Amino acid sequence: MKRTSSRLTDGREIIYYDLRDDTVREAVDRRPPEAAGAGAISAEIRYDPLLSEWTAVTAHRQARTYHPPADACPLCPTRDDERLSEIPEPDYDVVVFENRFPSFAGDAGRCEVVCFTSDHRASFASLTEERARLVLDAWTDRTAELSRRPGTGQVFCFENRGAEIGVTLQHPHGQIYAYPFTTPRTARMLRSAAEHATRTGGRNLFDDVVADELADVRRVVLAADHWVAFVPHAARWPYEVHLYPRSRVPDLPALSEEARAEFPRVYLELLRRFDRIFGPGEPPTPYIAGWHQAPVRGHDGGDGDGVATVRADFALHLELFTIRRTSGKLKFLAGSESGMNVFINDVPPETAAERLREVASDCKLPRGDASRAPA
């Protein structure tokens, strides 16, 4: 992988990740600053004392690009003087740049866009294994660099796919958020893990969850040498899969080379199964996929040995889910879900897992032992 960093006209950073070491990236952003930048950024975070949670208030995002035609896509490469985009180069493998309309900015965090391919008509599922590995390397590189920023509390790499999810740009891409705090979901996981350790004499909650799913077998979707994917026992979404490396690590930079090498085949198989859930002729399945990583400095913002213990106890994993519950019908977050955060799932997790096994492709995955718990 070759990494080349540059700047757009308005000063935002752009980073190219290339498969070939001899690739040269010298194109400059030819847009005037007023055309490249979003103007004044009004991102701020506000604290809710009742829930002990933060909310981002971002008035400038009302002006963000909304469903542009394919020939005006800002994530496609710049091909001529009439189609100047966010990416100055005429082609690219994988590219990351600072979001023009960030949810968090300055001391309140950083938001980046990750373009998986220059092909506007592609999807992550259509990538080659080599290109999917390059995306993984880009996620890892950005996690490591953003984690070194003084104000970063947690790094979240994710993809929103499909208009039903709310995606406003159809080009295959994801985002990376460097939050200035530990997210509520992660803080809750850490509290649960601490309580579990107290009850069980020091056992790790994540390890026990994975071991229980492997022992039960009914909800295991696939089990490879270095990864295991399952529908969780209390899944909240109609089709929801959690993907764990068998050896527990806190974040992407800590993954072994063996796990990195196996990831593209495993993840691409999961995404392709998602597109087959509802049968032939159905539109691509909308989904959200996100990496859950340990907080950078501990969930309480402290320093010292306690932080290392918290990070070591957390388990990196990817959560993939769709809001489509059946053909032509979506799962809406109504009163119970939106008002009280109590989910009601119409699809039994065992049924979802069985369906995801039924739509497996013919590709040969490493045959991991489904009964082997993570190290």
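As a reminder, the structure under discussion sits directly above these lines.
Residues numbered from 1 in each chain as written. Predicted model: local features only at pLDDT ≥ 70, side-chain atom pairs only at ≥ 80, totals over all residues. Heavy atoms only, no water.

Draft legend 1. Region of interest: the nonpolar core. Within the largest apolar cluster, 54 residues are counted, with the highest numbers of intra-cluster contacts made by Phe-124, Trp-139, Leu-243, Tyr-267 and Trp-291. If one sorts the elements of this core by residue count, helix H5 (residues 257-274) sits on top with 8 residues. With near-sequence residues (within four places) excluded, Tyr-267 lies in contact with Phe-124, Trp-139, Leu-243, Ala-289 and Leu-318. In terms of nonpolar packing, the next biggest core, distinct from the first, is built from 16 residues, Leu-190, Leu-205, Val-310 and Phe-314 among them. (Core = buried A, V, L, I, M, F, W, Y, C linked by side-chain atoms within 4.5 Å. Buried < 20%, exposed > 50% of the residue type's maximum accessible area, 1.4 Å probe, protein only. Helix = DSSP H or I, 4+ residues; strand = E, 2+ residues; numbered from the N terminus. Contact = heavy atoms within 4.5 Å.)

Draft legend 2. Quick look at the state of the cysteines. Here the structure, examined in full by the defined rule, presents 0 disulfides. Looking at Cys-73, it has no disulfide partner, and the nearest cysteine sulfur is the one in Cys-76, 3.8 Å off. Judged by its relative accessible area of 7%, Cys-76 is buried. (Disulfide = S-S within 2.5 Å.)

Draft legend 3. Expanded view of H5. Here H5 is 18 residues long and its end C-alpha atoms lie 26 Å apart, about the 26 Å a rise of 1.5 Å per residue gives. At Phe-263, H5 shows its largest kink, close to 40°, and the proline Pro-264 lies no more than four residues downstream. When you tally the buried positions in H5, you get 13 out of 18 residues, the bulk of the element. (Expected span 1.5 Å × (residues − 1). Bend = angle between axes of the 7 residues up to and from the residue.)

Draft legend 4. Focus on helix H2 (residues 129-147). With 19 residues, H2 should cover 27 Å at 1.5 Å per step; its first-to-last C-alpha distance of 27 Å lies within 8% of that length. Three or more residues of H2 are buried, namely Arg-131, Ala-132, Leu-134, Val-135, Leu-136, Asp-137, Ala-138, Trp-139, Thr-140, Arg-142, Thr-143 and Leu-146.

Draft legend 5. Quick look at the pairing of strand E3 (residues 43-48). Direction of pairing for E3 relative to strand E4 (residues 53-58): antiparallel, over a ladder of 6 bridges. Counted as the bridge partner of Ala-43 is Thr-58 from E4. Turn length for the E3-E4 hairpin, with the two strands adjacent in sequence and antiparallel, is 4 residues, and the turn residue Ser-52 shows positive phi of about 55°. (Pairing = 2+ DSSP bridges.)

Draft legend 6. Layout of unusual backbone geometry. With phi around 55°, Ser-52 is a residue other than glycine that occupies positive phi space. Inspection of the secondary structure assignment puts Ser-52 in the loop between E3 and E4. Not every positive phi belongs to a glycine, and Val-217 is a case in point at roughly 75°. Mapped onto the fold, Val-217 is located in the loop between helix H4 (205-216) and strand E9 (220-223).

Draft legend 7. Quick peek at the side chain of Asp-208. If you trace the backbone, Asp-208 turns up in helix H4. You can call Asp-208 buried: its relative accessible area is 12%. Among the polar contacts listed, one links the side chain of Asp-208 to the side chain of His-196, at a separation of 2.8 Å. If we ignore the near neighbours within four places in the chain, the residues touching Asp-208 are His-196 and Arg-203. (Polar contact = N/O pair within 3.5 Å; in protein donor to acceptor, adjacent residues only side chain to side chain.)

Draft legend 8. The layout of surface pockets, seen in detail. Considering only enclosed or pocket space, the second largest pocket measures out at about 460 Å³ in volume. Residue lining of the second largest pocket: 23 residues in total, with Asn-99, Thr-168, Leu-169, His-173 and Gln-175 positioned closest to the centre. Secondary-structure elements contributing two or more residues to the lining of the second largest pocket are strand E7 (154-161) and strand E8 (173-179). Counted by class, the lining of the second largest pocket contains 10 nonpolar, 8 polar and 5 charged residues. (1 Å grid on protein atoms, 1.4 Å probe; cavity = no way out; pocket = protein on both sides within 12 Å on 5 of 7 lines; lining within 4 Å. Points joined across faces, edges and corners; volume = space filled by probe spheres on them. Nonpolar A, V, L, I, M, F, W, Y, C, P; charged D, E, K, R; others polar.)

Draft legend 9. Structural context of the pattern of salt bridges. Within this structure, the stated rule accounts for 34 salt bridges. For Arg-133, the salt bridge is made with Asp-137, and the minimal N-O distance between the two is 2.9 Å. With Arg-133 and Asp-137 both in helix H2 and 4 residues apart, the pair spans about one turn of that helix. Asp-137 sits in the buried class, given a relative accessible area of 18%. One network of salt bridges, in which partners are shared, links Arg-3, Arg-7, Glu-13, Glu-98, Arg-110, Glu-112, Asp-141, Arg-142 and Glu-145. (Salt bridge = Lys/Arg side-chain N within 4 Å of Asp/Glu carboxyl O.)

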